[in-house]
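Results of the structural survey
Okay, here's what each chain looks like letter by letter:
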Amino acid sequence: MKREFLTVIAVIAAMCPQAAVSQSDDPDGRAARIEAQMTDDERYALLWGYMPLPSRLGPAPTPEGVKPSAGYFPPIPRLRFPGLHETDASLGITNPNQLRRNDTATALPSGLALAATFDPVLAERAGRMIGSEARAKGFNVLLAGGVNLTRDWFGGRNFEYLGEDPLLAGLMGGSSIRGIQSQNVVSTAKHFVLNAQETARHSVNARISEAALRESDLLAFQIALEVGQPGSIMCAYNKVNGVSGCGNDWLLNGVLRKDWGYKGWVMSDWGATHGPADIVNGLDQESGAQLDKQVWFDKPLKDSIAAGQIPKGVLSQSVRRILRSVYAVGADFPLAERPIDDQADSEVALQIARQGIVLLKNDNLLPLNNTPRRILVVGRYADRGVWSGGGSSQVTPNGGPSVRLPYGGSGFLNVNGFQVLAASSPLAELRKRLPNATIEFDTGYDPGLAAARAAKADIVIAFVSKWQVETLDSASLALPEGQDTLIDNLVSANPHTVVVLETGNPVAMPWLEKTGAVIQAWYSGQRGGEAIAEVLSGQVNPSGRLPMTFPRDAAQAPRSQVPGLGMPDDGTPLVVSYIEGADVGYRWYASKGFDPLFPFGFGLSYTQFRHDGLRVRSSGATATASVTVSNIGARAGADVPQLYLVAINGKPVRRLVGFSRVELQQGEGKPVSFAIDPRLLADWSPQGWTINGGTYEFAVGHSATQLEARVAVRLSRRCFKP
Ligand code: GLC
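So, a few notes on the structure that sits alongside this text. (Residues numbered from 1 in each chain as written. Predicted model: local features only at pLDDT ≥ 70, side-chain atom pairs only at ≥ 80, totals over all residues. Heavy atoms only, no water.)

A few points about the overall build of the chain
Cut-off, in case you're wondering: Working definition: helices are DSSP H or I runs of at least four residues, strands are E runs of at least two. Numbering for both runs from the N terminus. Radius of gyration here uses only the C-alpha atoms, and the compact-globule reference equals 2.2 Å multiplied by the residue count raised to the power 0.38. Between buried and exposed lies partly exposed: a residue is buried under 20% and exposed over 50% of the maximum accessible area for its type, with that area taken using a 1.4 Å probe on protein chains only. Pairs of residues are marked as contacts when any of their non-hydrogen atoms sit within 4.5 Å. In this count, Lys and Arg are taken as positive residues and Asp and Glu as negative ones, while His and the chain termini are left out. By convention, the point assigned to a charge is CZ for Arg, NZ for Lys, CD for Glu and CG for Asp.
Of the regular secondary structure elements, the chain holds 17 helices and 31 strands. Relative to its length of 722 residues, the chain is compact, with a C-alpha radius of gyration of 25 Å against a globular reference of 27 Å. A principal-axis box enclosing the C-alpha atoms of the chain has dimensions of 80 × 65 × 50 Å. Looking at the chain as a whole, 66% of its 722 residues qualify as buried. Partitioning the intrachain contacts of the chain with sequence separation of at least 6 by distance along the chain shows that 75% fall at a separation of at least 24. If you average the places of the 69 positive and of the 69 negative side-chain charges in the chain, the two averages end up 3 Å apart.

Structure (structure tokens):
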């Protein structure tokens, strides 16, 4: 890990001279020298902090001139330390409750939309953009890098995350983190670990075997850490096998530090610290202390140290971890605000939306050509904008929300109180791209009226949505607010109906067979309306692939209902046993022989692709593979060939071991190669990873269930450390 950090420093030194550090001044050495000069008061001021909020929102005395945000730790001017100025999150720079007047930011599409691009290069570009906006707004820590696996169809924060597969989530999350930190802003990776549901999130006890956890959620974090080298890890609210995530010695000191060699710092989630002993168990910093029962890392910690119950050395240890990350990333820059090119930044949001849209069905209805005809656009504020998810990742989009619906809720900050739409109107954008068509709009409020109008149209485009929000899981796979009835009415009146999904999770589609086409647009961000119109009109050829399985019904899933649904988050114990173990998502459906509604990795195109000549070669302890991808259709497009391990010594398995997004002109063919991470071929045991050896069968495919010719290769047995 240290070698990579030195590489990072060399790059930063080359890029931003003011952050340059001499080779002899490595982050650890510098951290030790600075920490040694600190007073204990200065040390404690780094180990716990309040969310800096106006006094009307709580007891936290926010120093004069400190802007409201997610977190603040004061500067130490005499040591040229700028302090920590923290903001959320992976989808852009937030402004909780608009406490910073008129402070808006570029709103990225959801994490699921980014994951659906299967494009780590784009993820890094997105990270660079939000990292630069964080820095321009005077922040040097971005609480991003959500890489929790989307284990359940109901997870309230799935829209923030990067899907159900550890390779995809780890590579996409790590690339985003690398982009953020290239702007000298520390990124987190979160929420460590197995924070898979929102219901009773402070008291859930997630139970899973170590081997299963190592091969799934921990592997996603491990890959993200290797790729992105986040300066900080945010530990999660929930327990893991009976021990709180932020006081879990095995997770924080064992796995993260001893096994993985992690040298950054562990911050708690906001209100996830439970006592001074957490610092001994691996937690370095108490965040959002006003949400804790008391401030643990101040007087209680001082008393425990004074009583000899906790060694005083923990202070220096934790402070050095914080300082070394700040120095390694070059985040000790003077926090001067600077202008942002909103238009340029929004191009990243547009590109993610374009590449993340998944064409799920198309009975020759799409793309819509610009012929004179009647088109009826129906529903869900499609005349006003595009949906986004709620909670701490909610960005107030540039130009302000076009719609802000009070959702209710109460309590601290009430970040979940509003449903927000970005002002990017699909209707307006369709009218620009189809000027010869007559395009009318119906709100969909009255299904009967909408159906009567649909009967008179040539094409109907129905926008439906499912809002998701931090702290709440979905109780049902169904679309809410009678939207299924609306679609039923529309398709009965006119089968030439296109359904546009704006959801933060998989949804059931009882009307699927009766529709002409379906696209999944996710929460499509600052310029989502444009991207949707570009795909519907054929200006853009859709290339998204599902990062999450869409089950036919909840009974197919490991959990058909939210454990503890409706329970208050008051500490009442709730055990969730993850019976699927490492068989998350498509692996579960394959192991059970279930045929989902739409499989992981699925997505159609306006052209067609073929995969030929899969070759797999054993290369020492792992394997490499190659395949030729050809565009055999009538227009340019992008394919995402996926390589899966499908059997070991004849025993069926299903593991994504490689993917690549490749752009192809009509008639063009390209070779694609995959270097397979040996951990994906191995099983985990307390001795580490073991490739058992024998015959390993691979197949390339268009999704986890559309697999083509298999190729077998012999691999030798091999064991290697975590
Ligand atoms: C929240 C979230 C976390 C966020 C933090 C600060 O509760 O769990 O993702 O970064 O608090 O807003």
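Following the structure, the description resumes.
Considering the sheet that holds strand S5 (residues 204-207)
The criterion, for reference: In this scheme, strands are said to pair when DSSP sees at least two bridges between them.
Taken in spatial order, the four strands line up as S8-S7-S5-S19 in an open sheet, and their pairing is mixed. This sheet does not close on itself; its edge strands, each paired only once, are strand S8 (243-244) and strand S19 (574-577). Taken together, the two bridges between strand S7 (residues 239-240) and S8 define a ladder with antiparallel strand orientation. If you follow Lys 239 over to S8, its bridge partner there is Ser 244.

Quick notes on the packing of helix H12 (residues 342-356) against helix H16 (residues 528-537)
In plain terms, the rule: An axis is simply a line fitted to the C-alpha atoms; with a helix, the fit covers only the stretch in contact. Between two such axes, the angle follows the N-to-C directions and lies from 0 to 180 degrees. Left-handed describes a crossing whose near helix is turned anticlockwise from the far helix through less than a right angle; right-handed describes the clockwise counterpart. Gly is placed with the polar residues, together with every amino acid not listed as nonpolar (Ala, Val, Leu, Ile, Met, Phe, Trp, Tyr, Cys and Pro) or charged (Asp, Glu, Lys and Arg).
Across the interface, H12 lies against H16 with an axial gap of 8 Å and an inter-helix angle of 40°. Handedness of the H12/H16 crossing: right-handed. Residues Leu 350, Ala 353 and Arg 354 of H12 touch H16, and the partners they reach there are Gly 528, Glu 530, Ala 531, Glu 534 and Val 535. Class assignment of the residues belonging to the contact of H12 with H16 gives a composition of four nonpolar, one polar and three charged.

A short note on the environment of Leu 91
Note that Leu 91 resides in the loop between strand S2 (84-87) and helix H4 (111-116). Residue class for Leu 91 comes out buried when judged on its relative accessible area of 8%. Distance in space between the C-alpha atoms of Leu 91 and Asn 649 is 43 Å, their sequence separation being 558 residues. Excluding residues within four positions of it along the chain, Leu 91 makes contact with Thr 106, Ala 107, Leu 108, Pro 109, Ser 110, Gly 111, Phe 159, Ser 393 and Val 395.

Structural notes on the site of the ligand
So the rule is basically this: Residues are classed as near a molecule or strand on a simple rule: at least one heavy atom within 4 Å of it. Polar contacts here mean pairs of N or O atoms no more than 3.5 Å apart (in protein, one a potential hydrogen donor and the other a potential acceptor; neighbouring residues in sequence count only if both atoms are side-chain atoms). Only the protein chains shown count as cover for residues, and all accessible areas are computed by the Shrake-Rupley method using a 1.4 Å probe.
Within the structure, the ligand sits among Asp 88, Leu 143, Arg 157, Lys 190, His 191, Arg 201, Met 234, Tyr 237, Asp 269, Trp 270, Ser 392 and Glu 470. Within the contact set of the ligand, an oxygen atom lies 2.8 Å away from a side-chain nitrogen or oxygen of Arg 157. Side-chain polar atom of Tyr 237 to an oxygen atom of the ligand: 2.7 Å apart, as the coordinates give it. Against a free-state accessible area of 310 Å², the protein chains account for coverage of 93% of the ligand.

As for the sheet that holds strand S15 (residues 438-442)
Spatial ordering of the open sheet is given by S10-S18-S17-S16-S11-S15, a layout of six strands whose pairing is mixed. Two strands lie at the open edges of the sheet, namely strand S10 (358-362) and S15, each paired on one side alone. Pairs of neighbouring strands in the sheet enclose a mean axial angle of 15°, with direction left out of account. Summarising the sheet, strand S16 (residues 459-466) and strand S17 (residues 497-503) pair through seven bridges and their orientation is parallel. Within the sheet, the bridge partner assigned to Ile 461 lies in S17 and is Val 498. Lying over the sheet, helix H13 (residues 426-433) contacts strand S11 (374-378), S15 and S16, oriented at roughly 170° with respect to S15. Packing of helix H15 (residues 483-493) onto the sheet brings it into contact with S11, S16 and S17, and relative to S16 it is tilted by some 170°.

As for the pattern of salt bridges
The condition is simple: What makes a salt bridge here is a side-chain nitrogen of Lys or Arg within 4 Å of a carboxyl oxygen of Asp or Glu, nothing more.
Using the criterion set out here, one finds 48 salt bridges in the structure. Of the charged contacts in the structure, one is a salt bridge between Arg 201 and Glu 470, with a shortest N-O distance of 2.9 Å. With Arg 201 in the loop between strand S4 (186-192) and S5 and Glu 470 in the loop between S16 and H15, this residue pair connects regions lying 269 residues apart in the sequence. As a salt-bridge pair, Asp 303 and Lys 299 come within 2.5 Å of each other at their nearest N and O atoms. Here Lys 299 and Asp 303 lie together in helix H10 (residues 299-306), a separation of four residues that amounts to about one turn. One salt-bridge network, held together by shared partners, links Glu 35, Asp 40, Arg 43, Lys 312 and Arg 320.

Describing the packing of helix H3 (residues 40-47) against helix H11 (residues 313-329)
We count it as follows: Comment on the angle field: the value is read as roughly parallel under 35 degrees, roughly antiparallel over 145, roughly perpendicular from 65 to 115, and oblique elsewhere.
With their axes 10 Å apart at the nearest point, H3 and H11 run at an angle of 60° to one another. Between H3 and H11, the angle is such that the two are oblique. Seen along the crossing, H3 lies across H11 with a hand that is left-handed. Contact residues: H3 offers Asp 40, Arg 43, Tyr 44, Leu 46 and Leu 47, while H11 offers Leu 315, Ser 316, Ser 318, Val 319, Ile 322 and Leu 323. Class assignment for the residues of the contact of H3 with H11 results in seven nonpolar, two polar and two charged.

Topic: the side chain of Ser 325
Secondary-structure assignment places Ser 325 in helix H11. Exposure remark for Ser 325: the relative accessible area of 0% places this residue in the buried category. Once residues lying within four places of it in the same chain are set aside, the contact partners of Ser 325 are Val 186, Gly 231, Gly 264 and Trp 265.

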